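# Geometric and topological summary
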Amino acid sequence: KAMGAIIRPYKRGTALAAALQFALEHNKVEEIIILGHTGCSAIRALINGINDKDISGFLDVAQRGVANAKRKWISEELPLNLHRHAEEQIVLLSAENITTYPSVAKALKEKRIQITPWLFDMDEGKILSYNPNSEEFEPIEMPSEDKENLE
(Lines give C-alpha, C1' and ligand atoms only; values in the text may rest on other atoms or scores of the structure.)
Protein backbone atom coordinates (compact mmCIF):
# COMPACT_ATOMS: atom_id res chain seq x y z
CA LYS A 1 0.00 0.00 0.00
CA ALA A 2 1.36 3.37 -1.00
CA MET A 3 0.11 6.84 -0.14
CA GLY A 4 -2.22 8.01 -2.92
CA ALA A 5 -1.71 4.70 -4.78
CA ILE A 6 1.54 6.27 -5.95
CA ILE A 7 4.24 3.92 -7.14
CA ARG A 8 7.54 5.60 -7.81
CA PRO A 9 9.75 4.40 -10.69
CA TYR A 10 12.24 1.65 -9.84
CA LYS A 11 15.03 2.25 -7.40
CA ARG A 12 17.31 -0.57 -6.25
CA GLY A 13 17.10 -1.56 -2.61
CA THR A 14 13.58 -0.28 -1.85
CA ALA A 15 11.03 -2.29 0.08
CA LEU A 16 8.75 -2.36 -2.95
CA ALA A 17 11.49 -3.67 -5.25
CA ALA A 18 12.23 -6.48 -2.79
CA ALA A 19 8.53 -7.30 -2.28
CA LEU A 20 7.90 -7.46 -6.02
CA GLN A 21 10.97 -9.62 -6.61
CA PHE A 22 9.85 -12.06 -3.90
CA ALA A 23 6.21 -12.11 -5.03
CA LEU A 24 7.00 -12.66 -8.70
CA GLU A 25 10.01 -14.97 -8.51
CA HIS A 26 9.25 -17.03 -5.42
CA ASN A 27 5.48 -16.87 -4.89
CA LYS A 28 4.71 -16.85 -8.63
CA VAL A 29 2.08 -14.09 -8.33
CA GLU A 30 0.16 -13.76 -11.61
CA GLU A 31 -1.60 -10.43 -11.15
CA ILE A 32 -0.72 -7.10 -9.58
CA ILE A 33 -3.64 -4.82 -8.82
CA ILE A 34 -2.91 -1.11 -8.48
CA LEU A 35 -5.75 0.10 -6.25
CA GLY A 36 -6.57 3.73 -5.61
CA HIS A 37 -9.73 5.18 -4.12
CA THR A 38 -11.94 8.19 -4.62
CA GLY A 39 -11.80 11.06 -2.17
CA CYS A 40 -8.07 10.47 -1.68
CA SER A 41 -6.58 13.10 0.62
CA ALA A 42 -3.05 12.49 -0.70
CA ILE A 43 -4.22 13.40 -4.21
CA ARG A 44 -6.02 16.46 -2.80
CA ALA A 45 -2.78 17.52 -1.11
CA LEU A 46 -0.93 17.04 -4.39
CA ILE A 47 -3.42 19.19 -6.34
CA ASN A 48 -3.61 21.91 -3.68
CA GLY A 49 0.08 21.83 -2.79
CA ILE A 50 1.36 20.75 0.59
CA ASN A 51 4.03 22.51 2.61
CA ASP A 52 5.73 19.44 4.08
CA LYS A 53 9.05 18.44 2.52
CA ASP A 54 8.81 14.77 3.50
CA ILE A 55 5.34 14.37 2.04
CA SER A 56 5.64 16.67 -0.98
CA GLY A 57 8.90 14.96 -2.00
CA PHE A 58 7.03 11.67 -2.24
CA LEU A 59 3.98 13.14 -3.96
CA ASP A 60 6.00 15.02 -6.59
CA VAL A 61 6.40 11.85 -8.66
CA ALA A 62 2.66 11.99 -9.37
CA GLN A 63 2.69 15.51 -10.84
CA ARG A 64 2.54 14.06 -14.36
CA GLY A 65 -0.72 12.32 -13.42
CA VAL A 66 -2.22 15.62 -12.26
CA ALA A 67 -1.04 17.34 -15.46
CA ASN A 68 -2.61 14.56 -17.57
CA ALA A 69 -5.86 14.92 -15.62
CA LYS A 70 -5.91 18.70 -16.10
CA ARG A 71 -5.36 18.40 -19.85
CA LYS A 72 -8.06 15.75 -20.23
CA TRP A 73 -10.51 17.56 -17.96
CA ILE A 74 -10.15 20.91 -19.73
CA SER A 75 -9.95 19.65 -23.34
CA GLU A 76 -12.86 17.23 -23.10
CA GLU A 77 -15.03 19.27 -20.70
CA LEU A 78 -15.45 16.15 -18.60
CA PRO A 79 -18.28 15.90 -16.09
CA LEU A 80 -16.19 14.55 -13.19
CA ASN A 81 -14.14 16.90 -11.09
CA LEU A 82 -10.41 17.39 -11.46
CA HIS A 83 -9.70 15.53 -8.22
CA ARG A 84 -11.44 12.40 -9.54
CA HIS A 85 -9.59 12.57 -12.85
CA ALA A 86 -6.29 12.98 -11.01
CA GLU A 87 -7.06 9.87 -8.92
CA GLU A 88 -7.64 7.90 -12.12
CA GLN A 89 -4.55 9.26 -13.89
CA ILE A 90 -2.29 8.58 -10.91
CA VAL A 91 -3.46 4.96 -10.71
CA LEU A 92 -2.59 4.65 -14.42
CA LEU A 93 0.77 6.37 -13.88
CA SER A 94 1.54 3.94 -11.05
CA ALA A 95 0.62 1.00 -13.30
CA GLU A 96 3.12 2.39 -15.80
CA ASN A 97 5.80 3.02 -13.14
CA ILE A 98 5.59 -0.51 -11.76
CA THR A 99 6.75 -1.83 -15.14
CA THR A 100 10.14 -0.15 -14.51
CA TYR A 101 10.90 -2.72 -11.77
CA PRO A 102 13.15 -5.44 -13.24
CA SER A 103 11.13 -8.30 -11.76
CA VAL A 104 7.91 -6.89 -13.23
CA ALA A 105 9.49 -6.16 -16.62
CA LYS A 106 10.83 -9.73 -16.74
CA ALA A 107 7.45 -11.24 -15.79
CA LEU A 108 5.69 -9.09 -18.41
CA LYS A 109 8.18 -10.14 -21.08
CA GLU A 110 7.57 -13.79 -20.15
CA LYS A 111 3.78 -13.16 -20.22
CA ARG A 112 3.28 -14.49 -16.69
CA ILE A 113 1.92 -11.36 -15.00
CA GLN A 114 -1.01 -9.03 -15.51
CA ILE A 115 -1.15 -5.48 -14.14
CA THR A 116 -4.67 -4.30 -13.37
CA PRO A 117 -5.50 -0.67 -12.46
CA TRP A 118 -8.50 -0.39 -10.11
CA LEU A 119 -10.23 2.50 -8.38
CA PHE A 120 -12.52 1.97 -5.40
CA ASP A 121 -15.46 4.36 -5.58
CA MET A 122 -16.03 5.25 -1.92
CA ASP A 123 -19.45 6.83 -2.57
CA GLU A 124 -20.88 3.98 -4.60
CA GLY A 125 -19.06 1.12 -2.84
CA LYS A 126 -17.94 -0.28 -6.19
CA ILE A 127 -14.61 -1.31 -7.63
CA LEU A 128 -13.88 0.20 -11.02
CA SER A 129 -11.41 -1.50 -13.36
CA TYR A 130 -9.59 0.32 -16.15
CA ASN A 131 -10.75 -0.73 -19.60
CA PRO A 132 -8.02 0.09 -22.14
CA ASN A 133 -10.52 -0.19 -25.02
CA SER A 134 -12.83 2.54 -23.72
CA GLU A 135 -10.02 4.28 -21.78
CA GLU A 136 -12.40 4.52 -18.83
CA PHE A 137 -12.69 3.05 -15.34
CA GLU A 138 -15.78 0.83 -15.39
CA PRO A 139 -17.61 -1.03 -12.60
CA ILE A 140 -16.64 -4.65 -12.10
CA GLU A 141 -19.73 -6.79 -12.32
CA MET A 142 -20.04 -9.66 -9.88
CA PRO A 143 -20.97 -12.98 -11.55
CA SER A 144 -24.66 -13.77 -10.99
CA GLU A 145 -23.94 -16.97 -9.01
CA ASP A 146 -21.82 -14.95 -6.56
CA LYS A 147 -24.63 -12.42 -6.15
CA GLU A 148 -27.05 -15.25 -5.32
CA ASN A 149 -24.69 -16.58 -2.62
CA LEU A 150 -24.65 -13.16 -0.92
CA GLU A 151 -28.46 -12.98 -0.65
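For the structure given in this document, a descriptive report is provided here.

What counts as what
- Residues numbered from 1 in each chain as written.
- Predicted model: local features only at pLDDT ≥ 70, side-chain atom pairs only at ≥ 80, totals over all residues.
- Heavy atoms only, no water.
- Helix = DSSP H or I, 4+ residues; strand = E, 2+ residues; numbered from the N terminus.
- Buried < 20%, exposed > 50% of the residue type's maximum accessible area, 1.4 Å probe, protein only.
- Contact = heavy atoms within 4.5 Å.
- Areas by Shrake-Rupley, 256 points an atom, 1.4 Å probe, with all protein chains shown as cover.
- Pairing = 2+ DSSP bridges.
- Axes fitted to C-alpha atoms, helices over the stretch in contact; angles between N-to-C directions.
- Phe/Tyr/Trp six-rings, centres within 6.5 Å; stacked < 30°, edge-to-face > 60°.
- Core = buried A, V, L, I, M, F, W, Y, C linked by side-chain atoms within 4.5 Å.
- Salt bridge = Lys/Arg side-chain N within 4 Å of Asp/Glu carboxyl O.

With that out of the way, let us pick up the overall build of the chain. The number of helices and strands found in the chain is 7 helices and 4 strands. In sequence order, the secondary structure elements of the chain are arranged as α-β-α-α-α-α-α-β-β-β-α. Considering the chain as a whole, with its 151 residues, one finds that 36% of them fall into the buried category. Here the contacts in the chain between residues at least 6 apart in sequence split such that 64% fall between residues at least 24 apart. Carbon and sulfur atoms make up 52% of the accessible area of the chain, which amounts to about 9,600 Å² in all.

Turning to the environment of Leu82, a few remarks are in order. With respect to the helices and strands, Leu82 occurs in helix α5 (residues 82-97). Its relative accessible area of 15% is what places Leu82 among the buried residues.

In this section: the sheet that holds strand β1 (residues 31-37). Taking strand neighbours across the sheet as the criterion, the 4 strands line up as β1-β2-β3-β4 in an open arrangement whose pairing is mixed. Two strands in the sheet have a free side with no partner beyond their single neighbour: β1 and β4 (136-139). Strand-to-strand, the axes of this sheet are offset by a mean angle of 35°, without reference to chain direction. Pairing between β1 and strand β2 (residues 114-121): 7 bridges, direction parallel. Paired with Glu31 across the bridge in β2 is Gln114. Packing of α5 onto the sheet brings it into contact with β1, β2, β3 (126-131) and β4, and relative to β2 it is tilted by some 160°.

Attention now moves to the packing of aromatic side chains. For the structure shown, the criterion picks out 2 aromatic pairs. Between Tyr10 and Tyr101, the aromatic rings sit 5.4 Å apart at their centres with planes inclined by 80°, giving edge-to-face as the arrangement. Residue Tyr10 is located in the segment before α1 (15-25), and its partner Tyr101 is located in the loop between α5 and α6 (102-109); the two are separated by 91 residues in the primary sequence. Assessed through its relative accessible area of 4%, Tyr101 is described here as buried.

Turning our attention to unusual backbone geometry. With phi around 55°, Lys28 is a residue other than glycine that occupies positive phi space. If you trace the backbone, Lys28 turns up in the loop between α1 and β1. The exposure class of Lys28 is exposed, given its relative accessible area of 52%. Even without being a glycine, Glu135 presents a positive backbone phi close to 60°. Checked against the element boundaries, Glu135 lands in the loop between β3 and β4.

So, about the nonpolar core. Among the nonpolar cores identified, the biggest contains 18 residues, and Ile32, Ile34, Ile98, Tyr101 and Val104 are the most heavily contacted of them. Among the secondary structure elements, those contributing two or more residues to this core are α1, β1, α5, α6 and β2. At 3 residues, the largest contribution of residues to this core is made by α1. Non-local contacts of Tyr101, meaning those with residues more than four positions away in its chain, are made with Ile7, Arg8, Pro9, Tyr10, Thr14, Leu16, Ala17 and Leu20. Core analysis: the next-biggest nonpolar cluster, separate from the first, contains 11 residues, Ala62, Val66, Ala69 and Ile90 among them.

On inspection of all chains with the given rule, the structure shows 6 salt bridges. Here Glu88 and Arg84 are joined by a salt bridge, their closest N and O atoms 3.4 Å apart. Taken together, the residues Glu88 and Arg84, both in helix α5 and 4 residues apart, mark about one turn of the helix. Classification of Glu88 by relative accessible area gives buried; the value is 7%. The buried category is assigned to Arg84, whose relative accessible area is 16%. One network of salt bridges, with partners in common, ties together Glu25, Lys106, Glu110 and Arg112.

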